Amino acid sequence: MGILDFFKKKSSGQENSSIPVQQYEAPNVEVAEPEIDEVIEEVVDIVPEVSLPPVEEKKVNEQFEKIKIYNDYIVHSIAFQLRGEYSPVSAFENENGEIEGFVYTVTEDTYAFSPEQAVTKMEEKFETELQEGKIKSYMVLYHSQFDGNGNDHSPATQPGEFKAISLSYHFKDEEKGQTGLPYIFENENITYKGFSEFSHEENNEIMNTQLIDGKNYFPHAEGIKAPETTNEAGIIVRKSNVHNLANIWGGIFGHENFQTKDYSGYMNPLTVHDPSGENKSKAEFEDVRFKTIFTEEFNTILPEVKTDYTLDFETRSVREWENALDLHAIVAGPARNTFGVWFFATDYAENKNTYLTQPHLKVNLSGIVFILDVHTNTELPDGTKMSEDFTTYAPSQDLPNYACFDFIAELVDFKETELLEDGSAKGYILKLKLITNEENEDFFTIDAFVNKGNMRFETLTKGMKVTGALQLQGKIAE
């Protein structure tokens, strides 16, 4: 299977787009045979030698001859891009001259290498093996800002930076080298412009490389593990770097509204420090506040559902968001020394030291409901009938690392509420009983906000059973 087959056999997601490959036709080179006239030798006259024009030998492109052993992986990088995959890949030449691929794999959905990290780690790994004589050469392939006009081969990380597939390679006893295959996006099409150092014929040789169906081109893989430590207080500190606040704000504004409406005009001014305090009124509502975190490198806004509900809590683990400068975190442990919870800590930026050093805390817990529906099924999966007062919550299968839970709850009470200056974000504050305890009505009964757009029914009734998904959030009680 060649790279052209990837263009012909589009996935279902590409049915309405075409991705042409620029074709490189080998030039027709004709070598004319020199005409040799018959030479007549006379006994008396000495005829001088006739020098025939030499036949020009084809120049060997040493760079191409070296890197062409990695043609399969250049083709793979192109094919991966056509499938929407942009992760760096690599390959190496072992002592026997065989080429084998290597990739980093994500082992959990909370942590991944950035392109810069992946490229750097691959190069460091192979440089060590090259110096130790374990391999003869290597190549790292990644998407970069290289456009053939003087731009360097820095990894691309932002929209608009993706301009080429860069090749970083090193052969034993030679200098390291780099080259790039520039491409351009035209509407939904990608056009590959070819390696400028290579001839049309050489570019075609790369593009026409045939891949073997069923062959594992990446037999070597290393799982990416999230950094984890246990501190002096016995608290496990894990790292994540892929989390964001999109689902949280979808819960506040309504998932559909958040995808189709632009709230930046309202939100952006809140991220600018305002000594006059005028922005405070724009971020403070009856039941929810928009809380801004200011630092020299990082400003962000969090929605915080107001509550006075307090629980005894013991911190067992903290998952810090590296991509938010460790100022956001999911905190986990037992509440009331009985049931386990984890919550998005809205005060982590200011109380980080307390969370990491003082395990026993009193916390205010509340929630943001992502989906709300009427609960009508009265049987458990094993066929057991539920009692009328049955309530439960369980870690979400869809968002397990965002402190999200699927639940069946009793709606103890509710009231309407509005957000934004014009009141356009309408919802309810729900009092949800998540655990039924005969001795304590408020054993685990929280206040939670739901946007009306995230409800799958219209009429709320006290005492009704509701089901859905929510994110728990919390802060240290004052």
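Preceding block: the structure.
Analysis parameters
- Residues numbered from 1 in each chain as written.
- Predicted model: local features only at pLDDT ≥ 70, side-chain atom pairs only at ≥ 80, totals over all residues.
- Heavy atoms only, no water.
- Pairing = 2+ DSSP bridges.
- Helix = DSSP H or I, 4+ residues; strand = E, 2+ residues; numbered from the N terminus.
- Axes fitted to C-alpha atoms, helices over the stretch in contact; angles between N-to-C directions.
- Contact = heavy atoms within 4.5 Å.
- Polar contact = N/O pair within 3.5 Å; in protein donor to acceptor, adjacent residues only side chain to side chain.
- Patch = residues over 30% accessible without salt bridge, like charges linked within 9 Å, V, L, I, M, F, W, Y side chains within 5 Å.
- Areas by Shrake-Rupley, 256 points an atom, 1.4 Å probe, with all protein chains shown as cover.
- Salt bridge = Lys/Arg side-chain N within 4 Å of Asp/Glu carboxyl O.
- Lys, Arg positive; Asp, Glu negative; His and termini not counted.
- Charge placed at Lys NZ, Arg CZ, Asp CG, Glu CD.
- Buried < 20%, exposed > 50% of the residue type's maximum accessible area, 1.4 Å probe, protein only.

**Re the sheet that holds strand 4 (residues 164–171)**
Link 1 in the chain: Judged by pairing direction, the sheet is mixed, and its 7 strands sit side by side in the order 6-5-4-3-1-2-7 without closing on themselves. Because the sheet does not close on itself, it has two edges, and the strands there are strand 6 (189–192) and strand 7 (220–224). Here the average twist between neighbouring strands, direction ignored, is 20 degrees.

**Focus on the environment of Thr391**
Link 1 in the chain: Tracing the chain through its elements places Thr391 in the loop between strand 16 (360–374) and strand 17 (392–395).
Link 2 in the chain: Spatially, the C-alpha atom of Thr391 lies 9.5 Å from that of Thr467, the residues being 76 residues apart in sequence.
Link 3 in the chain: When near neighbours in sequence (up to four residues on either side) are disregarded, Thr391 contacts Ile408, Ala409, Glu410, Lys433, Leu434, Ile435, Thr436 and Lys465.
Link 4 in the chain: Within the local environment of Thr391, its side chain forms a polar contact with the backbone oxygen of Leu434, the two atoms lying 3.3 Å apart.
Link 5 in the chain: Looking at Thr391, its side chain comes within polar contact range of the side chain of Thr436, at 2.9 Å.

**Considerations on a negative patch on the surface**
Link 1 in the chain: A cluster of acidic residues, Glu388, Asp389, Glu438 and Glu439, forms a negative patch at the surface.
Link 2 in the chain: Summarising the element assignment, Glu388 is placed in the loop between strand 16 and strand 17.
Link 3 in the chain: We classify Glu388 as exposed; its relative accessible area is 78%.

**Topic: the pairing of strand 21 (residues 465–476)**
Regular strands place side chains that alternate from one sheet face to the opposite one.
Link 1 in the chain: With 10 of its 12 residues buried, strand 21 lies for the most part within the structure.
Link 2 in the chain: Where strand 15 (residues 339–345) and strand 21 come together, 2 bridges link them in parallel fashion. Across the sheet, residue Phe344 finds its bridge partner in strand 21, namely Gln473.
Link 3 in the chain: One ladder, built from 11 bridges, connects strand 16 with strand 21; its direction is antiparallel. Paired with Ile371 across the bridge in strand 21 is Ala469.

**Quick word on unusual backbone geometry**
Link 1 in the chain: The residue Arg336 is not glycine, and still its phi comes out positive at about 50 degrees.
Link 2 in the chain: Position of Arg336 among the secondary structure elements: in the loop between strand 14 (329–335) and strand 15.
Link 3 in the chain: Residue Arg336 is classed as partly exposed on the basis of its relative accessible area, which comes to 27%.

**Side note on the side chain of His153**
Link 1 in the chain: Within the secondary structure layout, His153 lies in the loop between strand 3 (135–144) and strand 4.
Link 2 in the chain: Of the residues examined, His153 reaches a relative accessible area of 13% and is grouped as buried.
Link 3 in the chain: Here the side chain of His153 touches Ser166 through a polar contact of 2.6 Å, side chain to side chain.

Any functional reading would require information that these geometric values do not contain.
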